[in-house]
Every structure is written in C-alpha cells, then in structure tokens.
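Observations on the model geometry
Each chain is listed here by its residues.
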Amino acid sequence: MAHLLEDLPSGPLDLYRKKASFNWKEMAVFLDGEEILEFKNHVYRTLANDPLFSRTPGECVSFEKMRELTFLRMKQLFRYNFLPKGEINPAKYSTLNNILAMYDPSLSAKFFLSVGMFGANVATSGSERHLRYVDEINDMTIFGCFGLTELSHGSNTRALRTTATYDPATQEFVINSPDFEAAKFWVGNLGKTATHIQLFAQLYTPDRVCHGLHMFIVPVRDPKTLLALPGVLVGDMGPKIGYNGIDNGFVMFDNVRIPRENLLNKTGDVTPDGRYVSPFKDPNKRFGASLGALSGGRVSITKTGLHNLYLGLCVAIRFSACRRQFGPTDKEEIPVLEYQLQQWRLLPYLAASYAVHHLGEFIFQSYVEFQMGQAMRDTSDRQADFGREIHALSCSSKPLSTWLAQRGIQECREACGGHGYLAMSRLGEFRNDNDPSCTYEGDNNVLLQQTSNYLLGLIEAKKRNGGRIESPLHTVDFLDDFHKIIATKFTAKTAEECTDPAVSLAAYKWLLCYLLEESGKRLAQQRSECSTEFEARNNSMVYYCRSVSLAYIEHECLRRFNDAIRAESTPAGLKPVLRRLCALYGLWSLSNHMATLYQGDYLRGKQPAQLIQTAILDLCAQLKDDSVALVDSVAPPDFVLNSALGKADGQLYKNIWSTMMQAPQALERPSWWQEFCSNKPVVGSLCSKL
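Residues numbered from 1 in each chain as written. Predicted model: local features only at pLDDT ≥ 70, side-chain atom pairs only at ≥ 80, totals over all residues. Heavy atoms only, no water.

Glancing now at the overall build of the protein chain. Regarding its fold elements, the protein chain presents 25 helices and 11 strands. Relative to the 2.2 N^0.38 estimate, which gives 26 Å for 690 residues, the radius of gyration of the protein chain is 27 Å and therefore close to what a compact globule would have. In terms of overall dimensions, the protein chain has a C-alpha envelope of 90 × 80 × 75 Å along the principal axes. Within the protein chain, the proportion of its 690 residues that are buried is 53%. Sequence-distant contacts in the protein chain: of pairs separated by 6 or more residues, those separated by 24 or more amount to 74%. In the structure as shown, the protein chain presents an accessible area of about 31,700 Å², 54% of it carried by carbon and sulfur atoms. (Helix = DSSP H or I, 4+ residues; strand = E, 2+ residues; numbered from the N terminus. Rg over C-alpha atoms; globule rule 2.2 N^0.38 Å. Buried < 20%, exposed > 50% of the residue type's maximum accessible area, 1.4 Å probe, protein only. Contact = heavy atoms within 4.5 Å. Areas by Shrake-Rupley, 256 points an atom, 1.4 Å probe, with all protein chains shown as cover.)

Rendered as structure tokens:
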C-alpha cells in the first residue's frame, strides 16, 4: 500500500491528519483497488512531467488560446495511448475519463466524444463495414462528434427533423435540414474540429415511408484542410458559461449525399433497391435500441458529477481546517472547521460523496454486464428487464449526482468566504463546468419521469396481474411487501438509535411506498378528470412522480453504501468511519422529505424531527476530525486540483499570496493608465440641455 501512495507534505493540515481514526491510504485502496491506483499514478506522473499540461491557479487564458491548449493536450493523449487498443478494461476507461475531467472537463469531453462516444457507438451500432472508421478515429485520421439535439428539439427526440432519404438510383442517402430550426445544435467537437458526425436523422425509403431515427456517418469537413464540405453549413456556437475548451457547434445539410453503407445498421438497414429491413419488429424497441448509447453517457455523468463534488470538497475542507477565525478568547483563534455551522454545511456533502461513489460503481459495473449481454445477442426476458432497470437507475442517478455536485460546490464556494470567489480557488470553475451536466444527455427533471414511469408500471402490473415485484438488480424487490411497509412507523427513541443506517433505510422504504401509492392515486384522479394521458401525467409530476424517482435512487444509494460497509471484504479499520458517513448521508437526505414523512403519518409529534436533527449534528461532530483524511483519500494531486486554497501542504495564505504575486502584471499599472491621468471628465458635460 505504501508504494501506491506517497506521503502528503507536512504542514498546518497535520493537526487534523493526526487526529484521523483511520489510515487514509487504506481508504484510497478500498475505494479504487490497487490496479486502478497504479493506473492513476501512471497517468498522473505522465501528465505532471509534461510541460504542455502545466498551469497555474486562476490563470487568465483567452478563449482562442483555451481552445488551442485543449486540442494540443488532447493530441498528446493519443501519443501517450493510456488505453492500448488490445486492452479491454472498462474500469480503466472510466478512470481515465474521471482523471481528465478533474484536470479539465473540456479535455475529457474533447477526447472521449471522439474516441469514446463516436468510436464506440460506430463499433457497437454498426457492422463490419464500419470498422475502418473506428481505426481512423483511434489514430486521429478523422475526428468525430455525436449529433442528436437540434436547435428546436432536445428531449423530444422523436420530433427531430433532419432527414436521410434513400436514392436507389445512386445507392446513396440524401441528408437535408428542412430549415434552421432543424440545425444540429450543441454538438461537442463540431464547432471547429470534427471531420465526421454520427448523425441522428429520420430515415425515409423511396416509398416515402419514414422508419424513424437512425444513425449515419456523415463527413462535414475535409480532414486535410478542416474546411466545410459542399452542402454543409457548419460553425461554432461561441462562448458558454463553462466548458469553453470544447468547441460546441451547429450544422445544416443541403442535399448532402453519403453512401448507403454509411448507415449504422445494427437496428435497421436498407437494401440496395430501397427496401427497409430490421431485426426489430416493434418500432418502439428499435427506437430504444438506437438511443441505447445515452444510458452509457448517463452512467458516466453520474461518476463525473461525483468527481466534481470531490474537487469542491477537497478545497473547502482543507481551507476550513487551515482558516482560523475567532475563538473562546480574544487571544485564541480556532479553525473554522471547529464551528458546528461549518460542519453542518460541508460534512453531509462529504458523506454524500462517499455514498454516491458506491452507487456509481454499482451502476457502472451493472451497465458493463448489460452491455456484455447485448454483445452476446442475449434476447432473454431477463436481459430486457435488465435494460429497463439500468435505464431507470441511470435516469435517476445522473440527477442525484449532478444536483448534489451543483449544490455542494456552491456551498463549498460560500464556505470559503471571499477567498472562495477568487478564480485561483477554482471553485467557480468547478461550479460552471458541472452545471451543464444537469441538462445534457437529458434534462434532470425530464429524466426523472422515466424512472417514475418504470416504478409506477411495476405497481400497476402487480395490481393487474398479480405475481411478484422483482428485478435483475433487486433495486425494487422490497416493493413486493408494499402493504406491510406502508403500515410501519418510525420507532427510534434516541438520537443514537437514529445513527444506525437501518433506521434511515426503513424510513426510505416507507417513503417510496407511500409516494408510489399517492402518485398512483393522483394519476388515477387526473386520468378521470383530464381528456388525455399526456395531460394526466403532466399534472402528476410535482410533489408526486418526481419525488418518487428521487426517493428510489436515494434509497438505492444508501442501501449500496450500507451493503459495502457490511461486506466481509471491507477492512475492519475503515468500518466505523464509513458507518458514520452512511448514517449521516441517510439522515441528511431523509430530512429533505420531512414534510412528506409527517404528511403520511410515518412521523408523529416533534420528537422524531428533533432526534434526526440531533443525530445529524452529532455525526458531523464525530466526523470533523476525520474529514481532512477523508478528502485526502479521494483528492487528486495538486497539479490536477490546481487550487491555491486546496493544496495538500495546507499553506493557505502562503499559496494565495504567491499565486497573486506571480500573476502577470499584478504590480504593473494598466495599459490604459493615461485615461486616468489625463483628459479628466467635465462633470455634467453630457447632460441634456433641454
């Protein structure tokens, strides 16, 4: 273990590191495993020793230079080839994505949108005739992007309007954008660098029948000049709130012809004479299969949101351990981490990060297993059920993770006071770069409807047909005892009893059952009052179906964390602190549903709320001395974190001062100094004379 992780530099953070109840290195090995830690170290060392990847906290880089640096660094990744072609290791693939995203999410996006999203989708959605594109992507002969969203349509993918009409006379598809509202929009890599787009378009055969969305490989730029090809209008969307190293773009097509073979034909194909053929008899199943790549994206974003939260917590907790303000006497100042309010603001998010880690790993491994089944052409009922469950999980785990990061990073920013507003803290960058993850690959609120549809469907099927409620991953099995669970009540009598994760798990089971019951009633009522199913579902989302989805994924997150703690393979020296983290996450998350717990009569009187609040504060106090070691276990090296406030040496003020003093022109007068020293304004000279 010692050879995997170097000792951290000595300094002000030693005060807390010496108080830790566990070995931070043992925790890091527990979370990642030795093989992944060795891979991380290899990538970290390689990038740290490359001058192209050097930078300073808070540096001001122009928009154009940022784009250039991102591209040059991305090219360097091809040279390093961290993931050799013959090595199939999904865990390493995911780890590299997370490392690059912590360093710079634009770099991660630029690399994996081409090699991952484009390359992998061509391999899995196409056939042997498309393998040359995979080879050309992997050596950067061509550069890819993924084109689904249009200017006027995002979530409603069925309504996309780009067309691909087959011409049997030339055996080509003719690609068209009917108008500017049908322009492909928000396409990463397309703004300046993509040469080929994996395009989603409505496929029309010569008989004018539309066969729905299909994927096509469409060249958009000449790889030798990067100039647009004939009939292609392609450009850049301009600056965004964050992620500005990645060039998001738009494209329109005017009678652009591509060979018939450029159709990715796993879900459907067109014969040379223009007949449509598909292994799927049900168009809905074909549609779902063609969008299957998005589930993988959501699984990945769940882990990306977690790592964004890690970054914010590393900065804020290390800052809080070093920053001293006030104290019991005028002569003594104490670290702000000692204040109950600071603990209450930060440590629940720390607990949540450890919980989401276990959820993210579970969903990732499950998704890999599902994809293996798909590759083996598994058409069993279990595989179909597996896919539906993975879809429900990914559609709720992405909102859980990215919203936790969104709120947690903002809390970290504020918990660092004014210093947290400095660009050199990098907290603003973390916040802005996490923000799009709440909407891309599915708006979080819209995605939650998918999960609630899955859950309500299970309950309705049991009422209609009887039989057990169960699923391949067992995330819903307990719902088979729906009526027993709904009759239970909160039984804890002391705050200490509340710190048993079993208390929160029992409450979450009741909460989910109650919300499902109430959502079912609401939906039935709306169906009787509304003229359409659309209107009934629309009127049942807020306070009902949306809450069902969140309760489902929060329960599963807590359950997976608790199971990991109880596992025999978990080191005994880590179990006490992990158990406290699990209990804190459970109670803190549950406290957001307090009104519903009282509304459904699971809680009665003021005592349960007081016990839960007391337990949360007690757990925060117990975890305070472990908090620095807990972020050390998940923190990237300083050159990746790149924050003057969060360096591992804890030299807070020294690092802020040196970063500020080394900034270009920090001590120089502005280039426009003469505007101050001369040409003084005549007060009122521009006032109207009327």
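All told, the structure shown has 16 aromatic pairs when counted by the stated rule. With a centroid separation of 5.0 Å and an interplanar angle of 70°, the aromatic rings of Tyr 93 and Phe 112 are classed as edge-to-face. Placement of the pair is Tyr 93 in helix α5 (residues 90–103) and Phe 112 in helix α6 (residues 105–125), with a sequence separation of 19 residues. Relative accessible area serves as the criterion here: at 8%, Phe 112 is assigned to the buried category. Judged by centre distance (5.3 Å) and plane angle (70°), the ring pair of Phe 146 and Phe 200 falls under edge-to-face. Taken as a pair, Phe 146 in strand β1 (residues 144–147) and Phe 200 in strand β5 (residues 196–204) lie far apart in primary sequence, 54 residues in all. (Phe/Tyr/Trp six-rings, centres within 6.5 Å; stacked < 30°, edge-to-face > 60°.)

Moving on to the sheet that holds strand β4 (residues 184–188). The 3 strands lie next to each other as β4-β8-β7, forming an open sheet whose pairing is antiparallel. The outermost strands of the open sheet, each flanked by one partner alone, are β4 and β7 (232–236). Direction aside, neighbouring strands of the sheet carry axes that sit 30° apart on average. In this structure, β4 lies alongside strand β8 (residues 248–253), joined through 3 bridges in antiparallel fashion. Across the sheet, Val 187 pairs through a bridge with Gly 249, a residue of β8. (Pairing = 2+ DSSP bridges. Axes fitted to C-alpha atoms, helices over the stretch in contact; angles between N-to-C directions.)

Turning next to the pairing of β8. Of all 6 residues that make up β8, 5 are buried, and the element is covered over most of its length. Inspection of the sheet shows β7 paired to β8 by 5 bridges, in the antiparallel sense. The residue bridging Asp 236 from the neighbouring strand is Gly 249, located in β8.

On to the side chain of Arg 559. Assignment of secondary structure puts Arg 559 in helix α18 (residues 541–566). In this structure, Arg 559 is in contact with Leu 473, His 474, Thr 475 and Leu 505, ignoring residues within four places of it in sequence.

With that settled, consider empty space enclosed by the protein. Enumeration over the complete set of coordinates arrives at 2 cavities of 30 Å³ or more. A volume near 40 Å³ is recorded for the largest cavity. Lining the largest cavity are Arg 318, Phe 319, Cys 322, Ala 644, Leu 645, Gly 646, Lys 647, Asp 649, Gly 650, Gln 651, Leu 652 and Asn 655. Residue contributions to the lining of the largest cavity peak at 3 residues, all from helix α9 (residues 293–322). Of the pockets and cavities examined, the second largest cavity occupies roughly 30 Å³. Taken together, Ala 101, Met 102, Pro 105, Asn 308, Leu 311, Arg 426, Glu 429, Phe 430 and Asp 433 make up the full set of residues lining the second largest cavity. Listed by contribution, the elements that provide at least two residues to the lining of the second largest cavity are α5, α9 and α12 (427–434). For the lining of the second largest cavity, the element with the highest residue contribution is α12, accounting for 3 residues. (1 Å grid on protein atoms, 1.4 Å probe; cavity = no way out; pocket = protein on both sides within 12 Å on 5 of 7 lines; lining within 4 Å. Points joined across faces, edges and corners; volume = space filled by probe spheres on them.)

Look at Arg 426: it is not a glycine, yet its phi comes out positive at around 70°. In this fold, Arg 426 is placed in the loop between α11 (381–415) and α12. A relative accessible area of 2% places Arg 426 in the buried class. Positioned with a positive phi, Asp 601 is a non-glycine residue whose angle comes to about 70°. Relative to the elements of secondary structure, Asp 601 occurs in the loop between α20 (594–599) and α21 (607–623).

Right, let's talk about the environment of Glu 414 for a bit. The residue Glu 414 is located in helix α11 in this model. The class for Glu 414 is partly exposed, based on a relative accessible area of 39%. For the pair formed by Glu 414 and Arg 345, sequence separation is 69 residues and the distance between their alpha carbons is 9.6 Å.

So, on to helix α13 (residues 444–465). The periodicity of an α-helix, 3.6 residues per turn, causes residues three or four positions apart to be oriented the same way. The terminal C-alpha atoms of α13 lie 32 Å apart, and with 22 residues this matches the ideal 32 Å at 1.5 Å per residue to within 8%. Looking only at α13, the buried set comprises Asn 444, Leu 447, Leu 448, Thr 451, Ser 452, Tyr 454, Leu 455, Leu 456 and Ile 459. Sitting at the head of α13, Asp 443 places a side-chain oxygen 2.9 Å from the backbone nitrogen of Asn 445. (Expected span 1.5 Å × (residues − 1). Polar contact = N/O pair within 3.5 Å; in protein donor to acceptor, adjacent residues only side chain to side chain.)

Further remarks concern the packing of helix α10 (residues 340–375) against α18. α18 packs onto α10 with a crossing angle of 90° between their chain directions and a minimal axis gap of 8 Å. As the angle between them shows, α10 and α18 are arranged roughly perpendicular. Across from Ala 351, Tyr 354, Ala 355, Val 356, His 358, Leu 359 and Phe 362 in α10, the residues of α18 making contact are Ile 553, Glu 556, Cys 557, Arg 560, Phe 561 and Ala 564. In terms of residue class, the contact of α10 with α18 is built from 10 nonpolar, 1 polar and 2 charged. (Parallel < 35°, antiparallel > 145°, perpendicular 65-115°, else oblique. Nonpolar A, V, L, I, M, F, W, Y, C, P; charged D, E, K, R; others polar.)

A separate point is the pattern of salt bridges. This model, assessed by the stated rule, comprises 35 salt bridges. The salt bridge involving Arg 129 is made with Asp 269; its shortest N-O contact spans 3.4 Å. Here Asp 269 lies in strand β10 (residues 269–270) and Arg 129 lies in the loop between α6 and α7 (131–138), a separation of 140 residues in the sequence. Residue class for Asp 269 comes out buried when judged on its relative accessible area of 14%. Measuring nitrogen to oxygen at the nearest pair gives 3.1 Å for the salt bridge that ties Glu 556 to Arg 559. You can see Glu 556 and its partner Arg 559 sitting in helix α18, 3 residues apart, about one turn around the helix. Like Glu 556, the residue Arg 559 is buried in the burial classification. Taken together, the shared-partner salt bridges connect Glu 460, Arg 527, Glu 533 and Arg 537 into one network. (Salt bridge = Lys/Arg side-chain N within 4 Å of Asp/Glu carboxyl O.)

Turning next to α21. Taking 1.5 Å per residue as the helical rise, α21 with its 17 residues ought to reach 24 Å, and the 24 Å between its terminal C-alpha atoms agrees with that figure. Buried residues of α21: Pro 608, Ala 609, Leu 611, Ile 612, Ala 615, Ile 616, Leu 619, Cys 620 and Leu 623, and no others. Residues of α21 that are buried make contact with α10, α15 (495–498), α19 (575–591), α20 and α22 (627–632).

Now for the state of the cysteines. Scanning the model with the defined rule gives 0 disulfides in all. Cys 412 supplies the cysteine sulfur nearest to Cys 416, a cysteine that is in no disulfide, at a spacing of 6.8 Å. (Disulfide = S-S within 2.5 Å.)

On to the environment of Leu 393, then. Here Leu 393 shows up in helix α11. A relative accessible area of 0% places Leu 393 in the buried class. Beyond its immediate sequence surroundings of up to four residues, Leu 393 is in contact with Phe 362, Ile 363, Leu 473, Thr 475, Tyr 552, Ile 553 and Glu 556.

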